Amino acid sequence: MSRKIKIGIILVGIVVVLPIVAIGVLFIGIVGVSLFNKESQIVLRREIPLANHGSLIIDGNERSRSEHGFSQRAGYRPPGSAEIEWFGDVSDGVEPQFYQAGPLVVVIDLPSAQLYVRTHSNWKSLALIFPNDLGPFPISFYAERNGLTTEEVSRINELGGKRERKYPTTYIQSFDPETRDLKCSYHVDNKSSWPLHLRLSEDGTHLALLEIGGSSP
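The notes below deal with the structure included here. Values in this document were obtained by computation on a predicted structure and should not be read as measured data.

Some thoughts on the pattern of salt bridges
According to the stated counting rule, one finds seven salt bridges in the structure shown. When the shortest N-O distance is used, the salt bridge between Asp 59 and Arg 45 registers 3.3 Å. With a gap of 14 residues between them, Asp 59 in strand β2 (residues 55-66) and Arg 45 in strand β1 (residues 45-49) connect regions that are remote in the sequence. Residue classification places Arg 45 among the partly exposed positions, given a relative accessible area of 38%. Because the salt bridges share partners, they merge into one network encompassing Arg 45, Asp 59 and Arg 73.

If you want it as structure tokens, here you go:
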């Protein structure tokens, strides 16, 4: 076999083998990236066991920007169920508070002063926001979101006056699952604040104002 024929065979072999090698490397790369993404998703999704044998699911893959910083999607897996009930977002870096208040499941996100309440697999969101927190919207706008009546929101607004702080201006201090009482601090500015005492209804759909600034409404 002449030298030219040998060289020709080698060149043909190279031409045939190189694309096969390139396809193999590309396939390995795609599979590697896919496995890495799956592992990342597993790492970023956390499951927090609860006393009622259910669990809270924090999905770090679903992150968003909110008024109080970054937040992650949150869900609830009922005891004995494989299904996840996604109910809203909770603040990044802070563990949500979980309570069993009779038949109600209550999840509280402290940084955003937000309550998520479950009744019969339905979720209700109650955000402790008040006039001027998000803008100059009418009283009814805030009442719809915090679960109080327009009269109660007006009462809080009159006592607090126009606040200079930006949202959030109301902080949850404690929640009693036995009485469903919610004690908060309502800040007017950086120096003054009012104690705010609320109560979650038995059906978990709304709040009631019990006391503000040391006096009943």
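Observations regarding the nonpolar core
Grouped together as the largest cluster of nonpolar side chains are 30 residues, with contacts concentrated most on Val 106, Leu 115, Leu 128, Leu 182, Leu 196 and Leu 198. Counting eleven residues, the second largest nonpolar core, distinct from the first, contains Ile 48, Ile 58, Tyr 76 and Val 107.

Describing the environment of Ser 112
Mapped onto the elements of the fold, Ser 112 is located in the loop between β6 (104-109) and β7 (114-119). As for Ser 112 and Ile 172, which are separated by 60 residues in sequence, their C-alpha atoms are 9.1 Å apart.

Digging into the side chain of Ser 112
Overall, the relative accessible area of 3% leaves Ser 112 in the buried class. Polar contacts involving the side chain of Ser 112 include one to the side chain of Asp 109, which spans 2.6 Å.

Reading the values: rules and limits
Residues numbered from 1 in each chain as written. Predicted model: local features only at pLDDT ≥ 70, side-chain atom pairs only at ≥ 80, totals over all residues. Heavy atoms only, no water. Salt bridge = Lys/Arg side-chain N within 4 Å of Asp/Glu carboxyl O. Helix = DSSP H or I, 4+ residues; strand = E, 2+ residues; numbered from the N terminus. Buried < 20%, exposed > 50% of the residue type's maximum accessible area, 1.4 Å probe, protein only. Core = buried A, V, L, I, M, F, W, Y, C linked by side-chain atoms within 4.5 Å. Polar contact = N/O pair within 3.5 Å; in protein donor to acceptor, adjacent residues only side chain to side chain.

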